[in-house]
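# What the coordinates show
So you can see what is in the structure, the chains are spelled out below.
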Amino acid sequence: QVQLVESGGGLVQPGGSLRLSCAASGSILSINTMGWYRQAPGKQRELVADITSGGNTNYADSVKGRFTISRDNAKNTVYLQMNDLNSEDTAVYYCNADYIFTRATILRRYWGQGTQVTVSS
């Protein structure tokens with residue numbers, strides 16, 4: 001059984017910073033891509049950033065220059081450093097892992113439970 005557990009969300013003032021973490025647990029050999037998505041009220045879930053096991057990154061235009069994604073392959077953990085936050089960043093942030101290689105199978109598109117990020121004064 002594979003699980004993704006997120007942490008680090010909360011309430012922050014405009015211009016502030018938060019760091020999200022997502023740890024994957026289970027009988028995992030490796031994970032190809034890990035990333036973060038977000039969903040604001042009344043909006044579709046959107047990609048924020050993702051990163052491959054080789055370190056290739058991809059960012060939404062709205063967060064480029066403000067957010068940084070990184071990962072620790074040995075710990076199967078992905079991080080999202082969010083700086084200069086504004087109200088439009090308010091959303092539930094979901095961790096995603098794709099192509100999870102275990103001893104038994106290959107798993108696609110696993111999701112965490114989500115963590116709330118609220119940017120407000």
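So, a few notes on the structure that sits alongside this text. Values in this document were obtained by computation on a predicted structure and should not be read as measured data. (Residues numbered from 1 in each chain as written. Predicted model: local features only at pLDDT ≥ 70, side-chain atom pairs only at ≥ 80, totals over all residues. Heavy atoms only, no water.)

### Side note on unusual backbone geometry
So the rule is basically this: Here a helix means four or more residues in a row that DSSP labels H or I, a strand means two or more in a row labelled E, and each is numbered from the N terminus. Exposure is judged per residue with a 1.4 Å probe applied to protein chains only, and the accessible area is read against the type maximum: over 50% gives exposed, under 20% gives buried, and values in between give partly exposed.
In this model, Tyr99 sits at a positive phi of 55°, which is unusual for a non-glycine residue. Checked against the element boundaries, Tyr99 lands in strand 9 (residues 91-102). For Tyr99, a relative accessible area of 34% gives the class partly exposed. For Arg109, which is not glycine, the phi dihedral falls at a positive 50°. Turning to its location among the elements, Arg109 is positioned in the loop between strand 10 (106-107) and strand 11 (110-111).

### Some details on the environment of Thr57
Counted only if it meets this: We call two residues in contact whenever any of their non-hydrogen atoms come within 4.5 Å of each other.
With respect to the helices and strands, Thr57 occurs in strand 6 (residues 57-59). Each C-alpha atom, one on Thr57 and one on Thr33, is 9.5 Å from the other, the two residues being 24 residues apart in sequence. Not counting chain neighbours up to four residues away, the residues in contact with Thr57 comprise Asp50, Ile51 and Ile69.

### Quick word on the pattern of salt bridges
Put simply, the test is: Take a side-chain nitrogen of Lys or Arg and a carboxyl oxygen of Asp or Glu: if they are within 4 Å of each other, that pair is a salt bridge.
Per the stated rule, a full pass over the model turns up 5 salt bridges. Across the salt bridge formed by Asp89 and Arg38, the nearest N and O atoms sit 2.9 Å from each other. Of the two residues, Asp89 sits in the loop between strand 8 (77-82) and strand 9 while Arg38 sits in strand 4 (residues 28-39), which places them 51 residues apart along the sequence. We note a salt bridge from Lys64 to Asp61, for which the minimum N-O separation is 3.1 Å. Ionic contacts of the salt-bridge type, sharing partners, join the residues Arg38, Glu46, Arg66 and Asp89 into one network.

### Looking at the sheet that holds strand 1 (residues 3-7)
For clarity, the threshold we go by: Two strands form a pair only when DSSP identifies at least two bridges running between them. Comment: axis = line fitted to C-alpha atoms, over the contacting stretch for helices; angle = value between 0 and 180 degrees taken between N-to-C directions.
The 4 strands are arranged 1-3-8-7 in an open sheet whose pairing can be described as antiparallel. For this open sheet the edge positions go to strand 1 and strand 7 (67-72), each flanked by a neighbour on one side alone. Averaged over all neighbouring strand pairs, the angle between strand axes comes to 15°, with direction disregarded. One ladder, built from 6 bridges, connects strand 3 (residues 18-25) with strand 8; its direction is antiparallel. Of the residues in strand 8, the one forming a bridge with Cys22 is Val78.

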